[in-house]
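For reference, the chains in residue letters:
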Amino acid sequence: MVTDGRRLWLVRHGETEGQSSIRYHGSNDVPLSDLGRRQVRDLAPLLAGVRFEHVVHSPLCRAAESAALLLGDLALPRELLRRDDRLREICFGDAEGMTREEIDAAFPAFWSEYEAGARDAFPGGEPRREFAARIAEAAHAIAAEPWQGDVLLVAHRGTVKHTICALLGIEHAPATAFSVELGSLSVLRHDGEQWGLDLLGMRL
């Protein structure tokens, strides 16, 4: 049963060597850059003093390393770390690693169709509806566990956004909703009846 005061702390990993700030890296397993490590570690003061019961992370190395960095900076025991494969980012298929300009050049009709809702996936990629369902399943499963206080979830932009949507009960959020930058923190809180958004996309 969900109890009052439970919080889910959502961290998006930092910048990567694959330039996640400008490139579409989903299933590409690109590591953090030095900048990305600094961005993640800058979040530690915001998390200091929180008694986390679990630290759950995506299987991709940029999220796993981000979780490990925070674990070390917060002096938390390694047994709190838990990998959840459902939290991986959406797969961008044939567009993996490309910039928007490169995608536009390679697939000229794609963006207009995608933004109009006529395409549910990047070329050769995972459909958005399947990705949203995967993240919603993971989010509800994590929320249903018998933890009483705080859980830290470290993952990706799409994972964080769809976790927020799933727990707030939002089915069709626009792509521009819930801006989540690299190395940012968002917080969901349960009041005993429903989840609410306490913080969105904070960076230091």
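Residues numbered from 1 in each chain as written. Predicted model: local features only at pLDDT ≥ 70, side-chain atom pairs only at ≥ 80, totals over all residues. Heavy atoms only, no water.

Draft legend 1. Examining the sheet that holds strand E4 (residues 150–155) more closely. Taken together, the 6 strands give an open sheet; going across it, the order is E3-E2-E4-E1-E5-E6, and neighbouring strands pair in mixed fashion. Where the open sheet ends on each side, the last strands, each with one partner, are strand E3 (81–83) and strand E6 (195–202). If you compare each strand with its neighbour and ignore which way they point, the axes differ by 20 degrees on average. Here 5 bridges tie strand E2 (residues 52–57) to E4, and the two strands are oriented parallel to one another. Across the sheet, the residue bridging to His54 is Val151, located in E4. In this fold helix H3 (residues 61–73) packs onto strand E1 (6–12), E2, E3 and E4, with an angle of close to 140 degrees to the strand it touches most, E4. Each of E1, E2, E3, E4 and E6 is contacted by helix H6 (residues 128–144), which is oriented at about 140 degrees to E1, the strand it contacts most. (Pairing = 2+ DSSP bridges. Helix = DSSP H or I, 4+ residues; strand = E, 2+ residues; numbered from the N terminus. Axes fitted to C-alpha atoms, helices over the stretch in contact; angles between N-to-C directions. Contact = heavy atoms within 4.5 Å.)

Draft legend 2. The layout of surface pockets, seen in detail. Taken as a whole, the second largest pocket spans an internal volume of roughly 200 Å³. Lining the second largest pocket we find 14 residues, and of these Ser20, Ser21, Ile22, Arg23 and Arg157 sit closest to its centre. Of the residues contributing to the lining of the second largest pocket, the split by class is 3 nonpolar, 4 polar and 7 charged. (1 Å grid on protein atoms, 1.4 Å probe; cavity = no way out; pocket = protein on both sides within 12 Å on 5 of 7 lines; lining within 4 Å. Points joined across faces, edges and corners; volume = space filled by probe spheres on them. Nonpolar A, V, L, I, M, F, W, Y, C, P; charged D, E, K, R; others polar.)

Draft legend 3. Seen up close, the pairing of E1. Most of E1 sits inside the fold, with 6 of its 7 residues counted as buried. Here E1 pairs with strand E5 (residues 185–190) via 6 bridges, running antiparallel. What sits directly across from Arg7, in E5, is Arg189. Examined bridge by bridge, E1 and E4 share 6 bridges and lie parallel to one another. The residue bridging Leu10 from the neighbouring strand is Leu153, located in E4. (Buried < 20%, exposed > 50% of the residue type's maximum accessible area, 1.4 Å probe, protein only.)

Draft legend 4. Quick look at the packing of helix H1 (residues 34–41) against H3. Put simply, H1 and H3 touch, their axes get as near as 9 Å, and they point 45 degrees apart. The angle between H1 and H3 falls in the class oblique. The hand of the H1/H3 crossing is right-handed. Residues Arg37, Val40 and Arg41 of H1 touch H3, and the partners they reach there are Glu65, Ser66, Leu69, Leu70 and Asp73. Residue composition of the contact of H1 with H3, grouped by class: 3 nonpolar, 1 polar and 4 charged. (Parallel < 35°, antiparallel > 145°, perpendicular 65-115°, else oblique. Left-handed = near helix turned anticlockwise from the far one by under 90°.)

Draft legend 5. Expanded view of unusual backbone geometry. Phi is positive for Gln19, close to 55 degrees, though the residue is something other than glycine. Relative to the helices and strands, Gln19 resides in the loop between E1 and H1. Unusually for a residue other than glycine, Ala75 sits at a positive phi of about 55 degrees. Among the structural elements, Ala75 can be located in the loop between H3 and E3.

Purely spatial values, then, with no claim about function.
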